[in-house]
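# Residue-level structural notes
What follows is the residue order along each chain.
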Amino acid sequence: HAARDEGNVIAWYDNTVSSRLAERLRLAGRIHSAIDTEFELYYQPICHAADSTPAALEALLRWPQADGSFIPPGEFIQLCEDTGLILALGRWVIRSAAQAQRQLVDAGWDLPIAVNVSAVQFFNSDLVAEFTRASQEFGLARGALQVELTESSLMRKPGQAKQTMQRLHEQGICISLDDFGTGYSNMSYLQHLPLDILKIDRSFVADVETNPRNASICRALLSLGHSMGLTIIAEGVETPGQHQWLAAHGCDQVQGYLLGRPMPLAKVIAQLESVEA
Ligand code: C2E
Ligand code: MG
Ligand code: MG
Ligand code: MG
């Protein structure tokens, strides 16, 4: 009996796993055929904390669906990493962001565009060549593109990470550490990496002006980052109170719904022009 029970348990387990697997495979197949045709990049402004003028844009993937909704990156990036699809999708993102930076410059707005790069892509593609090729194709200046990495990417293979970062730097590409404070960084190690920007994760920014714990974390991250000579961006700034607190505590740049939501490039350009007028 025991054996049969066990068999049943295994059979049941197999069914759930295989239907979940089938669903994931179906989604992966849809992503594969959607890469050059369905995905879009939205752009969110990153602004100087002192006067809210734009400093850069962050490119964020959007997958629009027939019903007008979007599948958020949180629901497909992981699958893309697990299946290796992130390599092709990441290449598409780099080229599209480069093309957008060209359009921005042509419209009179020379703002850098920051591109998110996942750990799988960072370690398994010739990232430097992809950025160089895209920059050349669209005739971009040094500094036109930036790379956003997370702590987990950097801590996974420190030696290789450092080398790739140095080569990106040689191409004039600035490097941000994204979601800072959520990983398990080894500070003494981070100090030896060629980083330019720290992005404080939005979980610490959320109620910074009223929550003493988040306020001390933000103060510590600002002081640590500045002592390393880095520019600091606060993510997820949604209220004037958060913005004021961050500006008063020396945060360099702010990003969040208060300053602007992610939007299509044409809308970003229209907004830049309406503010200027
Ligand atoms: P991230 O790089 O930390 O991007 C910031 C996320 O915060 C974005 O979510 C953005 O829409 C959201 N956000 C911005 N301002 C606010 C705010 O004021 N409040 C709140 N609640 N959220 C805000 P999104 O677009 O859903 O992207 C989620 C994550 O997916 C990104 O986090 C990034 O890790 C990943 N991702 C997005 N695009 C790409 C891409 O092209 N390549 C890779 N590898 N990952 C990407
Ligand atoms: Mg990012
Ligand atoms: Mg982030
Ligand atoms: Mg974040």
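So, here is what we can say about the structure in this document. Per-chain numbering applies: the sequence of each chain, read as written, is numbered from 1 onward. Each chain gets a letter, beginning with A, and each ligand a number, beginning with 1, in the order they are written. In keeping with the predicted nature of the model, local features appear solely for residues at pLDDT of at least 70, side-chain atom pairs appear and are counted solely at 80 or more, and the whole-chain, interface and lining totals rest on all residues. In computing side-chain properties, one takes all heavy atoms of the structure into account and sets aside hydrogens as well as water.

## Observations regarding the coordination of the magnesium ion (ligand 3)
Inclusion rule: Because no water is among the atoms considered, metal sites can look incomplete, with donors defined as N, O and S atoms within 2.8 Å of the metal, or 3.2 Å for Na, K and Ca.
At this site the magnesium ion (ligand 3) is bound by Asp178 (OD), Asp179 (OD), Glu235 (OE) and Glu235 (OE), with donor distances of 1.9 to 2.7 Å. Each donor residue of the magnesium ion (ligand 3) belongs to the same chain, with the gaps between them written as D-D-x55-E. The metal-metal distance between the magnesium ion (ligand 3) and the magnesium ion (ligand 2) comes to 3.7 Å, with Asp178 coordinating both.

## Examining the packing of aromatic side chains
For clarity, the threshold we go by: Pairs were defined over the aromatic rings of Phe, Tyr and Trp, the Trp ring being its six-membered one, requiring ring centres within 6.5 Å. Orientation was assigned from the angle between planes: stacked under 30 degrees, edge-to-face over 60, tilted for the rest. Secondary structure elements are defined from DSSP: runs of H or I of at least 4 residues count as helices, runs of E of at least 2 residues count as strands, and each element is numbered from the N terminus. When a residue's accessible area, from a 1.4 Å probe over protein chains only, is under 20% of the maximum for its type it is buried; when over 50% it is exposed; and in between it is partly exposed. Charges are assigned to positions over rings by a cutoff of 6 Å between ring centre and Lys NZ or Arg CZ, combined with an angular limit of 35 degrees from the ring normal.
As enumerated under the stated definition, the model contains five aromatic pairs in all. Pairing Tyr42 with Phe70 gives two aromatic rings, centres 5.5 Å apart and planes at 75°, and the pair type is edge-to-face. Here Phe70 lies in strand β3 (residues 70-71) and Tyr42 lies in strand β1 (residues 40-48), a separation of 28 residues in the sequence. For Tyr42, a relative accessible area of 14% translates into the label buried. Aromatic pair Phe122 and Phe123: ring centres 5.0 Å apart, planes at 80°, arrangement edge-to-face. With a relative accessible area of 1%, Phe122 lands in the buried category. Here a set of aromatic residues connected by ring pairs shows up, and it is made of Phe39, Trp63 and Phe76. Directly above the ring of Tyr257 sits Arg261, whose terminal nitrogen or CZ lies 3.8 Å from the centroid.

## Topic: the coordination of the magnesium ion (ligand 2)
Surrounding the magnesium ion (ligand 2) are the protein donor atoms Glu58 (OE), Asn116 (OD1), Glu148 (OE) and Asp178 (OD), which sit 2.0 to 2.2 Å from the metal. In primary-sequence terms, the residues that donate to the magnesium ion (ligand 2) follow E-x57-N-x31-E-x29-D. Glu148 gets classed as buried once you look at its relative accessible area, which sits at 2%.

## Describing the site of ligand 1
Filter applied, for reference: We call a residue near a molecule or strand whenever a single non-hydrogen atom of that residue lies within 4 Å of it. By the criterion applied in these results, polar contacts are pairs of N or O atoms within 3.5 Å in which, for protein atoms, one can donate a hydrogen and the other can accept it, and in which residues neighboring in sequence qualify only through two side-chain atoms. Here the Shrake-Rupley method, with its probe set to 1.4 Å, supplies the accessible areas, and only the displayed protein chains count as covering residues.
Within the structure, ligand 1 sits among 21 residues, and Arg62, Asn116, Asp178, Glu238 and Tyr257 are positioned closest to it. A distance of 2.8 Å separates an oxygen atom of ligand 1 from a polar side-chain atom of Arg62. Note that a nitrogen atom of ligand 1 is positioned 2.5 Å from one of the side-chain N or O atoms of Glu238. Expressed as a share of its isolated accessible area of 800 Å², the protein-covered part of ligand 1 is 82%.

## Focus on unusual backbone geometry
For Ser52, which is not a glycine, the phi torsion comes out positive at approximately 65°. Of note, Ser52 is situated in the loop between β1 and β2 (54-64). A residue is classified by how much of its surface remains accessible, and Ser52, at 36% relative accessible area, is partly exposed. Here the phi dihedral of Asp179 falls at roughly 55°; this positive angle occurs in a residue that is not glycine. Residue position: Asp179 is located in strand β6 (residues 174-180). Assessed through its relative accessible area of 26%, Asp179 is described here as partly exposed.

## A look at the state of the cysteines
Heads up, the condition is: The disulfide definition used here is simple: a pair of cysteine sulfur atoms within 2.5 Å.
Enumeration according to the criterion identifies zero disulfides in this entry. Of all cysteine sulfurs in the structure, the one in Cys251 sits closest to Cys174, which takes part in no disulfide; the separation is 17 Å. Judged by relative accessible area, Cys174 falls into the partly exposed class, the value being 28%. Not engaged in a disulfide, the cysteine Cys218 finds its nearest cysteine sulfur in Cys251; these two sulfurs lie 7.9 Å apart.

## Quick word on the pairing of strand β8 (residues 231-234)
To be explicit about the condition: Two strands qualify as a pair provided that DSSP identifies no fewer than 2 bridges between them. By convention a crossover is right-handed if, when the strands point away from the viewer, the path from the first strand over the helix to the second runs clockwise.
Relative to β8, strand β7 (residues 197-200) is paired through four bridges, and the arrangement is parallel. By the bridge assignment for β8, Leu198 is matched with Ile232. As paired strands, β8 and strand β9 (residues 253-255) are joined by two bridges and run parallel to one another. Across the sheet, Ile233 pairs through a bridge with Gln253, a residue of β9. With helix α11 (residues 240-248) bridging β8 and the parallel β9, this β-α-β connection has right-handed handedness.

Spatial relationships are all this shows, so hold off on functional conclusions.
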